[in-house]
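Each chain is listed here by its residues.
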Amino acid sequence: MSALHESNLTSLKFLHRGKVRDIYEVDDQHLLIVQTDRLSAFDVILPDPVPGKGEVLTSLSNFWFAKLGHVIPNHLSGITPEEVVKTDADRAQVKGRAFVVKRLKPLPIEAIVRGYLVGSGWKDYKKTGAVCGIQLPAGLQEAQKLPEPLFTPSTKAAVGEHDENISFDEAKKLLGEARAEEVKAATLALYTQAADYALTKGIIIADTKFEFGTDTDGKMYLIDEALTPDSSRFWPADQYHVGSNPPSYDKQFVRDWLESTGWNKQPPAPSAPAEVLEHTAAKYREALQRLTA
């Protein structure tokens, strides 16, 4: 399977290249978002793409946008990507891996929700007894389900920089109190409904992040991607045990490999072996198949 590390569309004006997504201008009301096969870990883009990853992200996001549309509207426009480009080369780059979306103003935070005590949350808890300043009961174990999901927002860092966790009070200062409460409520509702559904498919969604944007009237929408292996930690329910971090359907396999290399988590990232990339691609495809079957 061929991989797309960077898109290079000639039909539309290029606007921005993020960690994974390339953004083009369609008109003053719409953007085209291409989901490439780039992989970001520890906020650094790896030099090697994961073949087919962009298509998985697009298919899974489309699935969740449709399934959770009753919770909050999303940024999809209903226009197919092939309609807005003019050449066969451009159509080949957008097929199956792009969205045409409403042009919205992104909110300046990432809306992170944690249902289980793992990753940076577990490290934080071991040191402080809290996660992102939210005090938790004593004696919890790694990977334990939390008494209730936690909303733990972060700043949105530029490419090559690290996101930083912020308190809900800080989120209120950034967004205003009413908007911050709206983001928190939407985040928890989206996560709870998605996690309940995923469990019926044998997948635990341990944590995830959402992004939101507003239109000129101030109405809020779910934007970016939703509940993919890039933005979430997916665990196979039949391999889950409290006290250890289960094998996952996401980029944790790459993160673990990177940690094993002694890399300092600063650019440039080391080049991952082909078998690490292939294993990751297979896990992404399996997550898509299980969740949408």
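Our structure is the block above this text.
Here is what the cut-offs are and how they apply
- Residues numbered from 1 in each chain as written.
- Predicted model: local features only at pLDDT ≥ 70, side-chain atom pairs only at ≥ 80, totals over all residues.
- Heavy atoms only, no water.
- Axes fitted to C-alpha atoms, helices over the stretch in contact; angles between N-to-C directions.
- Helix = DSSP H or I, 4+ residues; strand = E, 2+ residues; numbered from the N terminus.
- Parallel < 35°, antiparallel > 145°, perpendicular 65-115°, else oblique.
- Left-handed = near helix turned anticlockwise from the far one by under 90°.
- Contact = heavy atoms within 4.5 Å.
- Core = buried A, V, L, I, M, F, W, Y, C linked by side-chain atoms within 4.5 Å.
- Buried < 20%, exposed > 50% of the residue type's maximum accessible area, 1.4 Å probe, protein only.

Peer 1: Any chance you could explain the packing of helix H5 (residues 168-175) against helix H6 (residues 177-200) here in plain terms?
Peer 2: Helix-helix packing is described using two parameters, namely the angle between the two axes and the distance between the axes. One way to put it is that H5 packs onto H6 with a least axis distance of 7 Å and a crossing angle of 120°. As summarised for this structure, H5 and H6 are arranged oblique, according to the angle between their axes. Crossing geometry of H5 relative to H6 is assigned as right-handed. Along its contact with H5, which presents Phe168, Ala171, Lys172 and Leu175, the element H6 presents Glu177, Arg179, Ala180, Glu181, Val183 and Lys184.

Peer 1: Would you take a moment to explain the side chain of Ser231 for this structure?
Peer 2: The topology assignment puts Ser231 in the loop between strand S14 (220-223) and strand S15 (232-236). The contact partners of Ser231, leaving out residues within four places of it in the chain, are Asp207, Thr208, Lys209, Glu225 and Ala226.

Peer 1: Hey, could you run me through the nonpolar core in this one?
Peer 2: Burial of nonpolar side chains together is a common tendency in soluble globular proteins. In terms of nonpolar packing, the biggest core is built from 66 residues, with Trp64, Val183, Phe210 and Phe212 touching the most fellow members. Tallying contributions element by element places H6 first for this core, with nine residues. Leaving out residues up to four positions away in the same chain, Phe210 has contacts with Glu110, Ala111, Val113, Thr187, Leu190, Tyr191, Leu222 and Leu227. By size, the runner-up hydrophobic cluster in this structure holds 11 residues, among which are Leu4, Leu32, Val94 and Val100.

Don't take any of this as a statement about function, it's just geometry.
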